[in-house]
Structure formats: structure tokens, C-alpha cells
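Structural overview for review
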Amino acid sequence: MLLRIGKNCNKFYQHCNKNNIRCATSFVASEPKEPAVKQLNGDVHQKMLKDLSNIQYTGGVQFFADLEKSAGNYLVDADGNVFLDCYMQIASLPLGYNYPSLFNVFKDDTKMKMLVNRTALGVYPPTNWGNYLSDILMSVAPPGLKNVQTHMCGTCANEQAFKHIFISHAREKRAGSNFSEQELTSSMLNKPPGSPNVAILSFKGGFHGRTTGSLSATRTKPIHKIDFPLFSHWPAIPFPNYKYPLEENVRENKAEDQKCLEIFEDTIEQQKRAGYPVAGVIVEPIQSEGGDHEASPEFFQNLQALCKKLGVSFLVDEVQTGCGATGKMWCHEWFNLPSPPDIVTFSKKMQFGGYYHTVEMQPDKPFRMFNTWMGDPARLFLLEEVLNVMKTKDLIENVRKVGDRTLKGLVEITKEFPNLIHSPRGRGLLLAITAKDTKLRDAILGKMKAKGILMGGCGDEAIRLRPALIFQDHHSDIFLDRLREVLHDLK
Ligand SMILES: Cc1ncc(COP(=O)(O)O)c(C=O)c1O
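Residues numbered from 1 in each chain as written. Predicted model: local features only at pLDDT ≥ 70, side-chain atom pairs only at ≥ 80, totals over all residues. Heavy atoms only, no water.

When you go through the protein residue by residue, the secondary structure sums to 15 helices and 18 strands. Computed over the C-alpha atoms, the radius of gyration of the protein is 23 Å, within 12% of the 23 Å expected from 2.2 N^0.38 for a compact globule of 491 residues. Across its three principal directions, the C-alpha atoms of the protein cover 70 × 60 × 50 Å. Per-residue burial over the protein gives 53% buried out of 491 residues. (Helix = DSSP H or I, 4+ residues; strand = E, 2+ residues; numbered from the N terminus. Rg over C-alpha atoms; globule rule 2.2 N^0.38 Å. Buried < 20%, exposed > 50% of the residue type's maximum accessible area, 1.4 Å probe, protein only.)

Two quantities define a packed helix pair, namely the angle between the axes and the distance from one axis to the other. Where helix H13 (residues 395-416) contacts helix H15 (residues 473-490), the axes come no closer than 10 Å and their chain directions differ by 15°. Judged by the inter-axis angle, H13 sits roughly parallel to H15. As H13 runs across H15, the sense of the crossing is right-handed. For the pair formed by H13 and H15, the contact residues are Val402, Arg405, Thr406, Gly409, Leu410, Glu412, Ile413 and Glu416 on the first element and Asp473, Ser476, Asp477, Phe479, Leu480, Leu483, Arg484 and Leu487 on the second. Residue composition of the contact of H13 with H15, by class: seven nonpolar, three polar and six charged. (Axes fitted to C-alpha atoms, helices over the stretch in contact; angles between N-to-C directions. Parallel < 35°, antiparallel > 145°, perpendicular 65-115°, else oblique. Left-handed = near helix turned anticlockwise from the far one by under 90°. Contact = heavy atoms within 4.5 Å. Nonpolar A, V, L, I, M, F, W, Y, C, P; charged D, E, K, R; others polar.)

Let us look at the site of the ligand. The full set close to the ligand counts 13 residues, and Gly154, Thr155, Asp317, Gln320 and Lys348 are the nearest of them. Between the ligand and Thr155, the relevant distance is 2.6 Å, taken from an oxygen atom to a side-chain nitrogen or oxygen of the residue. In isolation the ligand exposes 390 Å². Once the protein is present, 84% of that is buried. For the shell around the ligand, the element with the most residues is helix H6 (residues 154-174), which contributes three residues. Class assignment for the residues of the shell around the ligand results in three nonpolar, six polar and four charged. (Near = heavy atom within 4 Å. Polar contact = N/O pair within 3.5 Å; in protein donor to acceptor, adjacent residues only side chain to side chain. Areas by Shrake-Rupley, 256 points an atom, 1.4 Å probe, with all protein chains shown as cover.)

This next bit is on the sheet that holds strand S18 (residues 462-465). The strand order S14-S15-S18-S17 describes an open sheet built from four strands, whose pairing is antiparallel. On the outer flanks of this sheet lie strand S14 (421-427) and strand S17 (456-458), each paired with one strand and no other. Within the sheet, the average angular offset between the axes of one strand and its neighbour, ignoring direction, is 25°. Sheet topology note: the S14/strand S15 (residues 430-435) ladder contains five bridges and is antiparallel. Counterpart to His422 in the pairing with S15 is Thr434. Contacts between H13 and the sheet are confined to S14, S15 and S18, with S14 contributing the most and set at about 170° to the helix. (Pairing = 2+ DSSP bridges.)

Remember, this is a structural readout, not a statement about activity or role.
In C-alpha cells, the structure reads:
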């Protein structure tokens with residue numbers, strides 16, 4: 001049974017869910033009913049691209065978003081094409097476009113003042129800043145983490161988190177003594193001991209950002225790194241590369257975990273012997289930009305245990321996986337870790353960058369983890385409303401249900417087109433499939449776009465879904481139907 005309704009959609013949606021009724025009510029009632037593409041990159045696009053190109057480099061621009069017309073899960077472009085957006089501004093819009101209650105946030109005078117008068121949070125935090133952090137950011141802290149630091153974007157969250165790790169590593173080594181004269185003078189020359197040869201270990205295929213430290217840890221594509229001087233002594237090791245379906249490849253995938261963990265332990269020892277000790281490891285719970293590679297809870301549990309044994313800080317990068325996308329607030333919650341990670345970084349759906357960390361990681365001197373703004377109070381209030389909507393509309397549960405259903409759909413489609421796609425995978429709505437080769441992957445993405453579905457590529461051959469948390473069964477149906485049509489055409 002398929003029902004449509006305009007008002008009281010959430011209540012009605014929950015009723016339908018409970019009673020297993022298929023319901024075409026969207027969380028944003030004003031969103032279009034389906035995609036509609038007239039002409040990709042039409043006249044309006046061409047004119048805008050030409051104007052922008054006179055001022056900026058536009059090599060990456062796909063089309064211009066019409067934010068007046070976009071609503072909910074649908075993005076409308078400058079030529080009036082309507083797309084079901086399963087990519088949501090590179091996984092960064094939690095509630096889709098123009099979610100109505102977000103417009104109320106700055107009707108509150110106190111919040112408006114935060115928007116108008118941006119303070120330098122590290123030196124002049126506004127009154128009640130502690131209460132705001134505690135009520136908003138700490139209300140969704142990963143279990144066991146009691147401190148938070150706000151920053152700007154995902155890249156700078158990781159960059160600053162590395163500094164946090166290096167400070168705590170050096171503090172432990174100094175065992176209570178102050179900086180030596182030699183450390184102070186050598187630091188001004190970027191040389192040891194003040195500027196020590198410590199390292200962050202990352203995984204091949206990992207993406208962690210684009211400033212010098214975070215880019216040194218990034219291991220996705222040469223185009224991200226080429227021409228930049230980076231830390232050549234920072235090691236990168238393989239991330240597990242699983243065979244699918246998981247339930248039919250348990251033994252092989254376990255061996256893959258074991259192989260990567262052995263390399264990890266060996267690399268930490270080798271780095272120590274070579275005089276480049278590893279202070280921290282950074283890892284994504286699902287390696288996203290690199291190709292949506294998953295690893296098992298056991299892999300992460302063992303990795304954390306090895307970090308503890310070897311004295312290495314354990315940083316989980318949840319920039320892309322956090323804020324409900326996987327059907328839990330934080331993806332690493334799926335792993336049942338016996339204790340929290342030392343640091344968890346976030347950005348994207350969380351509206352601004354930052355990280356949670358353990359009490360032990362707290363720095364003990366000012367102006368070391370610092371920049372002028374150190375976050376954005378105005379965005380914190382948008383996040384407050386996002387979290388409020390997530391709670392009242394039970395969006396994490398929605399993600400789990402719609403995600404399971406979509407994954408089942410992907411499994412079925414994979415069986416129908418085994419020569420074209422394989423390895424359907426993921427958690428919640430952070431889902432992916434892999435195409436037979438890069439050319440085919442790009443053709444699928446292009447044809448899906450022409451049918452009004454936006455998705456993302458990742459790694460060499462993978463296709464990823466990153467819809468908003470308000471993606472529902474009827475959106476999933478449209479997506480799966482169009483994917484089937486596209487694969488049928490490409491067969
Ligand atoms: C896992 C991960 N970490 C860090 C970043 C960098 O975030 P930003 O682009 O906000 O600097 C990204 C961006 O895609 C990411 O996916």
C-alpha cells in the first residue's frame with residue numbers, strides 16, 4: 001500500500017513504519033516528488049560558469065545549486081534540473097536543503113548576537129559558552145569522552161588533533177620538566193629536539209585533509225599531494241581489503257585483518273628503531289574517500305589494544321562517518337571498543353570541525369592549540385537544532401531502517417548484474433558498491449546523474465551513497481529503480 005499525506009508527516013510516518021505501510025510522506029513536505037532532468041549544463045549553467053571562471057578556477061564545478069528551489073532530499077540546479085541528492089554536498093548536509101526549523105535558529109536574539117559578534121573563542125568566549133558546549137556538543141559526545149575542542153573544518157580538526165597528540169607524547173617524555181633551552185632554540189629552526197621527528201601513522205587509502213600534517217597522513221590520490229613538501233618519515237600501512245559477501249569470506253577477511261595488524265605492529269617497532277617514533281595513529285571507521293573500505297569490529301578492537309600496548313594515541317577520524325550517518329551517532333560505536341578512542345574528530349554533518357578527547361590529553365599551556373576563531377558559535381546553534389530534529393524525528397532509527405532496506409536492494413541488484421557491480425556494503429546509509437572498472441564506474445555515475453540521481457565516486461571503482469538523514473523508503477525506491485535502469489542500459 002502506498003499513501004501520501006501533507007501534514008503531521010512525522011507522526012504519520014512513524015505510524016506507517018510501525019504498521020509496515022509504505023508511506024510517501026517526506027520529512028520536508030515541500031520537496032519535489034521525483035527527479036526531473038531537462039538538460040544537464042544548459043544555457044544558464046554555461047553563462048554562470050563563464051562569469052565565475054573570470055574570477056576563480058572552476059575545474060571542479062559540476063553545476064550551480066539553486067538554493068531557493070532546493071528542498072529536503074532534492075537539489076535543483078540553475079537550469080531547473082531536479083536531482084534526488086544521495087551525496088548531499090559531500091556528505092555534509094544532515095537534514096537536506098531548507099529544512100524549515102533551521103530558519104528559526106537566528107530568530108532568537110541571543111543566538112543572532114553570536115552570529116553578528118563573532119568572538120575569538122580561545123581568549124574571549126561569550127558568556128555561557130561552557131553551558132552551550134555542554135548542552136549541545138557534549139550531549140552527543142562519544143561514550144567516555146569528556147572533553148571537546150571546536151575548530152573550523154575536518155582538515156583543521158585533524159591537524160589540531162595531531163598537535164594534541166604530539167603535545168601529550170612530548171609531555172610524557174619530559175616527565176614533568178619544562179622545555180629545555182635547546183628545545184626552544186631548535187624549534188625556531190624546525191629542527192629536533194624542539195621540532196622532533198615524531199610521526200603519525202595512517203592507512204593507505206585514508207583521507208584526512210589537505211594541510212601539511214593532515215595531507216601527510218592522507219593517502220588517497222597523487223593529485224591531492226603532488227608538489228607539496230610533506231612529512232616523508234610518516235608511515236602508511238595497508239587497510240584491510242575485504243572480500244564480499246562478508247558471511248562467505250569470514251576466514252579470508254580474518255586473515256586480512258591479521259596481516260594488517262602484524263604490519264602495524266612491525267611498523268611501529270621499525271619507526272622507533274629508525275628514530276622516527278609513531279606518536280599516534282589516525283584511522284577512519286569506514287575508509288570513505290579511499291573507496292568505502294570497511295574493517296571489522298575485531299580489527300578496530302585489536303588495533304586499539306595494540307595502540308595501548310605500544311604507547312601510541314588512537315585517533316578515530318569521524319569527519320565523514322559521524323553524526324548519525326551509519327545508524328549510530330558515531331560509527332566507531334558499532335565496534336564495541338572496551339574503552340573510548342583517545343581522540344575522535346568530526347566535521348561535515350556536525351556543521352563545523354572539532355574533536356572530542358580524553359581528559360588525559362588536555363594540554364597544560366595556553367596558545368598551543370589555538371587560532372583566532374577556534375570554531376563558530378553560530379554553527380553550534382545550527383547543530384543544536386539539527387540534533388533536536390534528529391531526536392524528535394528519530395532520524396538515527398530512520399537511517400538504520402532505510403539503510404538496511406537500501407542495502408538489501410543493492411544486494412539484489414548486484415545479483416542481477418554480477419558482471420557490472422559487486423561488493424554491496426556499508427552501515428546505515430553510508431553505503432557503497434564497486435563497479436567492474438573505473439570507466440564503468442564513471443559511466444554509471446554519469447548516467448545516474450542524467451536520470452536525476454546524484455551520487456559520489458570514491459577510490460578507483462567504488463560508488464558511494466551519502467544521503468541526508470531524512471532519506472526515506474520512497475527515496476530509496478527511486479534510487480534503486482534508476483540504478484536498475486542504468487545497469488540494464490549498460491549491460
Ligand atoms: C574522513 C575525512 N577526514 C577529513 C576530511 C577533511 O575535511 P574537510 O574537507 O572539511 O577539511 C574529509 C573530507 O572529505 C574526510 O572525509
